[in-house]
Amino acid sequence: MESPRIVATAARIVRDLGIAEEIAQDALVAALEEWPRTGVPERPGAWLTATAKHRAVDLVRRRETYARKLAEVGRALTEESYDPEPSGPGDIDDDVLRLIFTACHPVLSAGARVALTLRLVGGLRTDEVARALLVPEATVAARITRAKRTLAKAGVEFEVPYGEERAARLGSVLEVVYLIFNEGYAATSGDDLLRPGLCEDGLRLARVLAALAPGEGEAQGLVALLELQASRTAARTGPDGRPVLLADQDRRRWDRLLVRRGFAALERAGDPRGYGPYALQAAIAACHAQAASYEETDWSLIAALYGRLGAVAPSPVVELNRAVAVSRAEGPAAALPLVDALAADPSLARYHLLPSVRGDLLARLGRPAEARAEFVRAADLTRNASERALLLGRADAAEPGGRRLPGGS
């Protein structure tokens, strides 16, 4: 949970992301050694950050360039004990923002920027980054390793850029903030559907970026999207922590303040005819927020918006979502061929939502045995325990009393 801020603080001092990660790990080891004896401090995040900072300063001192480096970071660093922590969703640790812009430097390829930022800022494991990007885990690991070496070799400054340089990096930064939020909104693995800390970090960063670039429609579109998505958080799980499908959510539990903030940001995104990918997704989320119920949702408009989104940002996941909207607007028979056409896409081979959507369509078409098989296959593909339980429940509901298929536990 604290890793991004610890890495960011250390990176500001040592100017090397690989070394900063090692220092952060050293701080966590120090906590494991000391806290059992002394107790967990009142502000554990601040303790970890201070420990990492002191170790980073010690490392700088040991370098031959100690005098020059210490002048750069300021002698005050040796006297501080704790860093201020963000006080709420509207606040942000500046070091985290610097870390994101550094990881999104143009010297790196687009894929490397996203992978490195998700690893350092999102705190995602390599397999989680691979899932977010729909690429093999080995590819992600190689990208991250090369990215750290490239930044160190190029001597990239640890800073938030200005002017044209900031504009050049903004697209990559928006993408990684979006992916960080998504991992918090639907966790790749673990027992829980949500990782609230990542959602909060993603939303906070999006708000800061929107303030840094008030005239950038996509920055406003991203914050609108995340505000609207975050508004549903309380309704997405039941008292037992199990996921609640959109169709079954109690919309009275949606946060109306976040909904209003989302609509306001979407207004700032500019002319709807010129919407980019994030603003289009925000417009889709706004359709859900406007509807009094799942049945009253304007599915035809959502399908059309997904069509526009697919034109400006082609993706098999976008097409899968469009198929869901088509199924609600025109019926499952119209959507099934769209889903079947995606089955051959290699990037969706391990994507559990593809068989999940297909299972839903088959169930609605009165083909329970086939639907059940698809739900079980989806359950086998997900590594999130909550999602797995939901999918196996849908498998049993599709064909009550049916034999549990191989792989379903």
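The structure presented is a predicted model; accordingly, all values stated were derived computationally and were not measured.

Visitor: Give me the lowdown on the overall build of the protein, citing residues and values where you can.
Guide: Counting secondary structure elements, the protein contains 19 helices and 2 strands. Counting over 409 residues, the protein shows a buried share of 51%. Considering only contacts in the protein between residues 6 or more positions apart, those separated by 24 or more positions represent 64%. Carbon and sulfur atoms provide 52% of the accessible area of the protein, an area that totals close to 18,900 Å².

Visitor: An account of helix α1 (residues 3–14) is requested, with residue identities and associated values reported.
Guide: With 12 residues, α1 ought to run about 16 Å at 1.5 Å a step, and its terminal C-alpha atoms sit 16 Å apart, in line with that. Residues of α1 that are buried include every one of P4, R5, I6, V7, A8, T9, A10, A11, R12, I13 and V14, and no others. Just past α1, the residue R15 takes up positive phi, approximately 60°.

Visitor: How would you explain the pattern of salt bridges if you had to name every residue and give the values?
Guide: As enumerated under the stated definition, the model contains 19 salt bridges in all. Residue E21 is joined to K148 by a salt bridge in which the shortest nitrogen-to-oxygen separation is 2.1 Å. A residue pair is termed long-range when its members are at least 10 positions apart, and E21 in helix α2 (residues 17–38) and K148 in helix α8 (residues 137–154) qualify at 127 residues. Given a relative accessible area of 9%, E21 falls into the buried group. Given the relative accessible area of 21%, K148 is considered partly exposed. Measuring nitrogen to oxygen at the nearest pair gives 3.5 Å for the salt bridge that ties D380 to R388.

Visitor: Which residues make up the nonpolar core, and what values go with them?
Guide: In this structure, L99, I100, L116, V177, L209, L222 and L226 are the most contacted members of the largest nonpolar core, which totals 121 residues. Excluding residues that lie within four positions of it along the chain, L222 makes contacts with L174, V177, Y178, A206 and Y278.

Visitor: Quick rundown of helix α12 (residues 256–268)? Include the residues and the values.
Guide: For α12, spanning 13 residues, the distance from its first C-alpha to its last is 19 Å, which sits close to the expected 18 Å at 1.5 Å a residue. Listed in full, the buried residues belonging to α12 are L258, V259, G262, A265 and L266. Axial view of α12: buried residues confined to an arc of 125°, hence all on one face. The outward face of α12, more than 90 degrees from its buried face, is lined by the exposed residues R260 and E267. The N-capping residue of α12, defined by a side-chain oxygen 2.9 Å from the backbone nitrogen of L257, is D255.

Visitor: Help me get a handle on the environment of V96, residues and values and all.
Guide: Residue placement: V96 occurs in helix α5 (residues 94–103). Considering only alpha carbons, one finds V96 and L205, 109 residues apart in sequence, at a separation of 8.8 Å. Filtering out sequence-adjacent residues up to four positions away, V96 remains in contact with P4, R5, A8, V121 and L205.

Visitor: Can you lay out the side chain of E227 for me, pointing to particular residues and giving the numbers?
Guide: With respect to the helices, strands and loops of the structure, E227 is situated in helix α11 (residues 217–230). Within the structure, the side chain of E227 is placed 2.9 Å from the side chain of R207, a separation counted as a polar contact.

Visitor: Can you tell me about the packing of aromatic side chains, naming the residues and giving the values?
Guide: Going through the model one piece at a time under the given rule, you end up with 4 aromatic pairs. With centroids separated by 5.3 Å and ring planes inclined at 65°, the aromatic side chains of W35 and W47 adopt a geometry described as edge-to-face. Pair noted here: W35 is in helix α2 and W47 is in helix α3 (residues 44–62), with a separation of 12 residues, a long-range link. One exposure class covers both W35 and W47, and it is buried. Aromatic pair F181 and Y185: ring centres 5.6 Å apart, planes at 20°, arrangement stacked. In this pair, F181 and Y185 are both assigned in helix α9 (residues 163–185), 4 residues apart and thus about one turn of the helix distant. By relative accessible area, which is 1% here, F181 ends up buried.

Visitor: Describe the packing of helix α15 (residues 316–330) against helix α17 (residues 353–364), listing the residues and the values that go with them.
Guide: Across the interface, α15 lies against α17 with an axial gap of 11 Å and an inter-helix angle of 15°. Relative to α17, α15 is oriented roughly parallel. You can see that α15 and α17 cross each other, and the crossing is left-handed. Every residue of α17 that contacts α15 at L320, V324, S327 and R328 is listed here: L353, L354, V357, D360, L361 and R364. Residues that form the contact of α15 with α17 fall into these classes: 6 nonpolar, 1 polar and 3 charged.

The rules behind the values
Residues numbered from 1 in each chain as written. Predicted model: local features only at pLDDT ≥ 70, side-chain atom pairs only at ≥ 80, totals over all residues. Heavy atoms only, no water. Helix = DSSP H or I, 4+ residues; strand = E, 2+ residues; numbered from the N terminus. Buried < 20%, exposed > 50% of the residue type's maximum accessible area, 1.4 Å probe, protein only. Contact = heavy atoms within 4.5 Å. Areas by Shrake-Rupley, 256 points an atom, 1.4 Å probe, with all protein chains shown as cover. Expected span 1.5 Å × (residues − 1). Salt bridge = Lys/Arg side-chain N within 4 Å of Asp/Glu carboxyl O. Core = buried A, V, L, I, M, F, W, Y, C linked by side-chain atoms within 4.5 Å. Arc of directions from axis to C-beta. Polar contact = N/O pair within 3.5 Å; in protein donor to acceptor, adjacent residues only side chain to side chain. Phe/Tyr/Trp six-rings, centres within 6.5 Å; stacked < 30°, edge-to-face > 60°. Axes fitted to C-alpha atoms, helices over the stretch in contact; angles between N-to-C directions. Parallel < 35°, antiparallel > 145°, perpendicular 65-115°, else oblique. Left-handed = near helix turned anticlockwise from the far one by under 90°. Nonpolar A, V, L, I, M, F, W, Y, C, P; charged D, E, K, R; others polar.

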